[in-house]
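Listed here are the chains, written in short residue letters.
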Amino acid sequence: MPESYSISLYFCPLTIEECDDQASELLKSWLPEDELVKVDRYIKQEVKIQGLLVRGYLRALLSQHSDLLPNEWCFEYGEKGKPRLTDTQFKQTGIHFNLSHSGDWLLVGICVPNAEKRINLDAVEFGVDIERCRSSTNIHAILSHYFSEPEKAALLALPAELQRERFFDLWALKESYIKAKGLGLALSLKSFAFDFSPALEASLTVNSWQGDHSINSVDVRANNNIDSSVGLKELLLLQNIGLATLQSRLNEDVAVGIIDSKGSGEQAAEQQDTLSTMITAKDWHCWLGHLDESYRFALSIGPCEKVRVNAFAVDLRSLLAGFEL
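Because the structure is predicted, anything quoted here is derived from the model rather than measured. (Residues numbered from 1 in each chain as written. Predicted model: local features only at pLDDT ≥ 70, side-chain atom pairs only at ≥ 80, totals over all residues. Heavy atoms only, no water.)

Asks: With reference to specific residues and values, describe the packing of helix H5 (residues 139-146) against helix H6 (residues 149-156).
Replies: For the pair H5 and H6, interaxial distance at closest approach is 9 Å and the crossing angle is 155 degrees. One finds that H5 runs roughly antiparallel with respect to H6. Two packed elements cross with a definite hand, and for H5 against H6 that hand is left-handed. In this structure, H5 uses His-140, Leu-143 and Ser-144 to contact H6, whose residues at the interface are Lys-152, Leu-155 and Leu-156. Looking at side-chain class alone, the contact of H5 with H6 contains three nonpolar, two polar and one charged residues. (Axes fitted to C-alpha atoms, helices over the stretch in contact; angles between N-to-C directions. Helix = DSSP H or I, 4+ residues; strand = E, 2+ residues; numbered from the N terminus. Parallel < 35°, antiparallel > 145°, perpendicular 65-115°, else oblique. Left-handed = near helix turned anticlockwise from the far one by under 90°. Contact = heavy atoms within 4.5 Å. Nonpolar A, V, L, I, M, F, W, Y, C, P; charged D, E, K, R; others polar.)

As structure tokens, then:
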């Protein structure tokens, strides 16, 4: 049976004014030599500070979910560059994480299995994305290259003034799914599609982070409503967004022997016909929210049975207050 998980979403400002000399020295003290070298490679000072902030936020927030200190976290990278904990630390903590930054915001997602269900920990795939809506983007030039036909048709059916918003909503969702799969652009953006027609509106409370992960969490299942109590900020959240994939159908047909997994000759043509129909992805949960008029965020996780979601706005000084040089 699919696992149940708790997800914490952390919205972290990347304003360089927050990172004074004392904070900068503390963050640097957490980083191994290879990460310090990566940060130092950035030419612009602003970008260097943001690179330091991204790495510092991640380490400090991971430590809120474990006894490990920020400087003790060790990472490795998948074939396409997806970061993850080393096998030793993953087995110790069970933590999946993902992060995304755009403009002035960093989004860190930390996913932990329920205490009573800590078997088959690596089965779930988890990704987040945050995107800034840009008025200069030529969305119609991109549609045919990166969006599936159902997504394109649904977008173009909207009034012209709503199409740009839908484009960036879809883009955030697609990025979150690709990051969950860890395949980068090796996974065609046309090989899966999101459908807003079954989506349900709900509210998600973004609380001021105070080190308490138990407040205002919400249980999320397919076809249910979300309630959360009043906090720092209420965001409109779309849950139960439909996800369909071409690859799911191919895998099912290979498994039962309908087609040859090698797909050569006539079988290749048959595979293409098989791929022409999108199949609903089982036990995947996808959400979309708007942080404000400019930024939207998305997360994708699967396969899993149930998810508990917390959201926090993080203040750098408050986060660092518990650590010393």
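Asks: I'd like to hear about unusual backbone geometry, residue by residue, with values.
Replies: Put simply, Gly-302 and Pro-303 share a cis peptide bond, and its omega is -10 degrees. Among the secondary structure elements, Pro-303 is positioned in the loop between strand E14 (295-302) and strand E15 (306-313). Backbone geometry at Asn-240 places phi at a positive 60 degrees, although glycine is not the residue there. One non-glycine residue, Asp-283, lies in positive phi territory at about 60 degrees.

Asks: Hey, could you go over the packing of H5 against helix H7 (residues 160-181) for me, with residue numbers and the actual values?
Replies: One way to put it is that H5 packs onto H7 with a least axis distance of 11 Å and a crossing angle of 40 degrees. Here H5 lies oblique to H7, going by the angle between them. In this structure, the crossing between H5 and H7 has a hand that is left-handed. Each of Ile-139, His-140, Ile-142, Leu-143 and Tyr-146 in H5 lies in contact with H7, whose residues at this interface are Gln-163, Arg-164, Phe-167, Trp-171 and Lys-174. Split by residue class, the contact of H5 with H7 holds six nonpolar, two polar and two charged.

Asks: Can you explain the packing of aromatic side chains? Please cite residues and give values.
Replies: Scanning the model with the defined rule gives 13 aromatic pairs in all. Between Trp-30 and Phe-323 the ring centres are 5.2 Å apart and the planes differ by 75 degrees, which places this aromatic pair in the edge-to-face class. Residue Trp-30 is located in helix H1 (residues 21-30), and its partner Phe-323 is located in the segment after helix H10 (316-320); the two are separated by 293 residues in the primary sequence. Given a relative accessible area of 5%, Trp-30 falls into the buried group. Pairing Phe-147 with Trp-171 gives two aromatic rings, centres 6.2 Å apart and planes at 25 degrees, and the pair type is stacked. Of the two residues, Phe-147 is situated in the loop between H5 and H6 and Trp-171 in helix H7; the sequence distance between them amounts to 24 residues. With relative accessibility at 18%, the residue Trp-171 sits in the buried group. (Phe/Tyr/Trp six-rings, centres within 6.5 Å; stacked < 30°, edge-to-face > 60°. Buried < 20%, exposed > 50% of the residue type's maximum accessible area, 1.4 Å probe, protein only.)

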